[in-house]
Amino acid sequence: MDAMSTSEHSLPDVLKARVLADLRPVRPLASPWKRALLLLPIGLALLALTPWRYGVRHDIGGVYLWGLSLLQVGVGFGLVVASLREVLPDRSLSGRTQILLVGGSLAITVAVTYLTWNASLSAAVPVSPADRYPYWKGCLQHTVLNGLPALVVVLALAIRGLLWRPALVGGLAGLAAGLLADASWRTYCGVSEPAHVFSAHVGGIVVLAVLGAIVARIWTWATGWR
Amino acid sequence: MGAQSDDSERIAVAMTAYQAGDAAAFDRLYAALGPILRRYLQSLARDATRVDDLLQETFLQVHRARRTYDPSRPVVPWALAIARHVFLMECRTRRRKGDVDAVELDDTVAAAGRGHDEAVIARDRLRHGLSGLTPGTRRAVLLHHVQGWSFREIARRLGINSAAAKLRASRGVNALRTRLHDTDGRDEHQ
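Everything quoted here is computed from the prediction, not taken from an experiment.

J.: Describe the overall build of chain A, listing the residues and the values that go with them.
T.: Counting secondary structure elements, chain A contains nine helices and zero strands. Taken against the 2.2 N^0.38 rule, which gives 17 Å for 226 residues, the C-alpha radius of gyration of chain A at 22 Å runs more than 25% over that of a compact globule. Looking at chain A as a whole, 40% of its 226 residues qualify as buried. When contacts within chain A are restricted to residue pairs at least 6 apart in sequence, those whose partners lie at least 24 apart make up 88%.

J.: An account of the overall build of chain B is requested, with residue identities and associated values reported.
T.: Tallying secondary structure elements over chain B gives nine helices and zero strands in all. When the elements of chain B are put in sequence order from the N terminus, they spell out α-α-α-α-α-α-α-α-α. Looking at chain B as a whole, 31% of its 190 residues qualify as buried. Considering only intrachain contacts with a sequence separation of at least 6, the fraction spanning at least 24 residues in chain B is 52%.

J.: Report on helix H6 (residues 95-120) of chain A, specifying residues and quantitative values.
T.: Residue and element names in this part refer to chain A. For H6, built from 26 residues, the straight-helix expectation of 38 Å at 1.5 Å per residue is met to within 8% by its first-to-last C-alpha distance of 37 Å. Leu 101, Ser 105, Thr 109, Val 112, Thr 113, Thr 116 and Ser 120 are the residues of H6 that are buried. The inward-facing, buried residues of H6 abut helix H5 (62-86), helix H8 (166-185) and helix H9 (194-222).

J.: For the packing of helix H4 (residues 39-54) of chain A against H5 of chain A, give the residues involved together with the corresponding values.
T.: Residue and element names in this part refer to chain A. For the pair H4 and H5, the least separation of the axes is 11 Å and the interaxial angle reads 150 degrees. When the axis of H4 is compared with that of H5, the two are roughly antiparallel. Crossing of H4 against H5: the hand is right-handed. For the pair H4 and H5, contact is made by Leu 39, Leu 40, Gly 43 and Leu 47 and by Ser 69, Val 73, Gly 76, Phe 77 and Val 80, respectively. Classifying every residue of the contact of H4 with H5 gives six nonpolar, three polar and no charged.

J.: Talk me through the interface of chain B and chain A; I want residue IDs and the actual numbers.
T.: By convention, interface size is frequently given as the accessible area that disappears when the constituent parts associate. Each side of the interface is counted separately: chain B has 28 residues, and chain A has 24 residues. Of all the secondary-structure elements, those providing two or more residues to the side of chain B that touches chain A are helix H2 (23-44), helix H3 (48-64) and helix H4 (75-97) of chain B. If you tally residues by element for the side of chain B that touches chain A, the top one is H2 of chain B, at eight residues. Among the residues forming the side of chain B that touches chain A, the class breakdown is 16 nonpolar, seven polar and five charged.

J.: Report on the nonpolar core, specifying residues and quantitative values.
T.: The biggest cluster of nonpolar side chains holds 78 residues, and the ones touching the most others in it are Val 154 and Ala 176 of chain A together with Leu 41 of chain B. No other element matches H8 of chain A, which puts 12 residues into this core. If we skip the residues at most four places from it in the chain, Ala 176 of chain A touches Gly 76, Leu 79, Val 80, Ser 83 and Val 154 of chain A. By size, the runner-up hydrophobic cluster in this structure holds 11 residues, among which are Leu 130, Leu 142, Ile 154 and Ala 165 of chain B.

J.: Got a sec to walk through the confidence of the model for chain B? Specific residues and values, please.
T.: Residue-level pLDDT values for chain B average 78, and 76% of them are 70 or greater. Scored as a complex, the prediction yields pTM 0.72 and ipTM 0.75.

J.: Describe the confidence of the model for chain A, and please don't skip the residues or the numbers.
T.: Detail in the predicted coordinates should be disregarded across regions flagged by low pLDDT. In this model, chain A carries an average pLDDT of 87, and 92% of its residues clear a pLDDT of 70 or more. Here residues 1-6 of chain A scores under 50 on pLDDT; set against residues more than four positions off or in separate chains, the count is zero contacts.

J.: Quick one: what's the story with H4 of chain A, residue by residue and with numbers?
T.: Residue and element names in this part refer to chain A. Between its terminal C-alpha atoms H4 stretches 23 Å, which fits the 22 Å expected from 16 residues at 1.5 Å a residue. Considered for burial, the residues of H4 that qualify are Leu 39, Gly 43, Leu 46, Leu 47 and Thr 50. In the core, the buried residues of H4 are packed alongside helix H3 (32-36), H5, helix H7 (129-158) and H8. Positive phi appears at Gly 55, one or two residues downstream of H4, with a value of about 90 degrees.

J.: Could you give an account of the environment of Val 154 of chain A, naming the residues involved and the relevant values?
T.: All names here are of chain A. Tracing the backbone through its elements, the reader meets Val 154 in helix H7. A tally of 31 C-beta atoms within 10 Å means that Val 154 is categorised as buried. Not counting the four nearest positions on each side in its chain, Val 154 is found in contact with Leu 39, Val 80, Ser 83, Ala 173, Ala 176 and Ala 177.

J.: Describe the packing of H5 of chain A against H6 of chain A, with residues and values.
T.: Residues and elements named next belong to chain A. The contact between H5 and H6 brings their axes to 11 Å, and the two run at 170 degrees. Put simply, H5 runs roughly antiparallel to H6. Mapping the contact onto sequence places Tyr 64, Leu 68, Leu 71, Gln 72, Val 75, Leu 79 and Ala 82 in H5 and Leu 101, Ser 105, Ile 108, Val 112, Leu 115, Thr 116 and Ala 119 in H6. Here the contact of H5 with H6 is composed, by residue class, of 11 nonpolar, three polar and no charged.

J.: Provide a residue-level description of the environment of Gly 161 of chain A, including the pertinent values.
T.: Tracing the sequence through the fold places Gly 161 of chain A in the loop between H7 and H8. A sequence separation of 74 residues divides Gly 161 of chain A from Val 87 of chain A, and the C-alpha atoms of the two residues are 4.9 Å apart. In contact with Gly 161 of chain A, other than residues within four places in its own chain, are Leu 29, Val 87 and Leu 88 of chain A together with Thr 68 of chain B.

Thresholds applied
- Residues numbered from 1 in each chain as written.
- Chains lettered and ligands numbered in written order.
- Predicted model: local features only at pLDDT ≥ 70, side-chain atom pairs only at ≥ 80, totals over all residues.
- Helix = DSSP H or I, 4+ residues; strand = E, 2+ residues; numbered from the N terminus.
- Rg over C-alpha atoms; globule rule 2.2 N^0.38 Å.
- Buried ≥ 20, exposed ≤ 12 C-beta atoms within 10 Å, placed from the backbone.
- Contact = placed C-beta atoms within 7 Å.
- Expected span 1.5 Å × (residues − 1).
- Axes fitted to C-alpha atoms, helices over the stretch in contact; angles between N-to-C directions.
- Parallel < 35°, antiparallel > 145°, perpendicular 65-115°, else oblique.
- Left-handed = near helix turned anticlockwise from the far one by under 90°.
- Nonpolar A, V, L, I, M, F, W, Y, C, P; charged D, E, K, R; others polar.
- Core = buried A, V, L, I, M, F, W, Y, C linked by C-beta atoms within 7 Å.
- pLDDT = per-residue confidence, 0-100.

As structure tokens, this is what we get:
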């Protein structure tokens, strides 16, 4: 019995050798909130980038323009926190929280689209059928390209934790990056028609979410994390 | 209660020293945390060799993830969460390899996140119920209803056609339901 308990409680040599081979001091990760704050300057810079480079749309008032974009930045920031929380073993997200986060983000995006469309009805510039495709392509490209830096930063922060569910972490990171990018791009794009917004802007957000999930998954395979 | 908080404190001190790169602290951490994690893993997987492997893998993941431990929080829930993840990942890997018999019910009950006592009772009841089925029927039930395989996949695995796989799974569940119902009836009468 003694022998058994000794063997049960003694540290196996293989395990000890593997741990000692890679034992160096590490600094505990800060809380997800504090780490996500790193993204705030990027989010705000993104928000300022489009108006600075292209100007702002004039078909909606300031509250609808900046208020709704700031709301999207806030939601994006919350998703970054969730993504960074998921990589902490004892704080991973429950199924209900995941549904709330993704469903809530989509609901807010739909609400922002509807409110913007409603507010811009009187001053909306009609889009000719010939312009529909170039507008769609431009908005999709800008949303994806503007969101890439934020996606890279969130993933770089996330991989310092434990990526047990890489697709979830990457998907949330991409969703967050997409919302931050769209919050910026919608201050310029004057096309409020839901068909355009859902296919180009929300499409860009979805592309980033899928891209985030794929990159996180590939990273775990490539590094043999699991 | 006092002893328990002393233990928690001892584990937290060892963990913090281990994060700072102290090799001896890992020995102390293993000595203090090992039995707790072993008990937990034993409640999920009964096979002693499997538990040893899972424990070793858990400590390797503890090592890889040591920076995710927040010194202001207790160590044990953090380590148990890692052990649970390791167990579920191992189940997934075995399932992918088609190791049906080894995965069995332990994983289903554990993954459902039940309490320990409830899990043990549920496992025993199901094991008892399944023991009354023929091997082919039992495998069809486990593969379809526990592991989520399609009937076509089961047919390929068991060397039968899809219709036969469907029939076996359906008959198996009906037989299992009857057996569990009979057991409940007997328990109530006792």
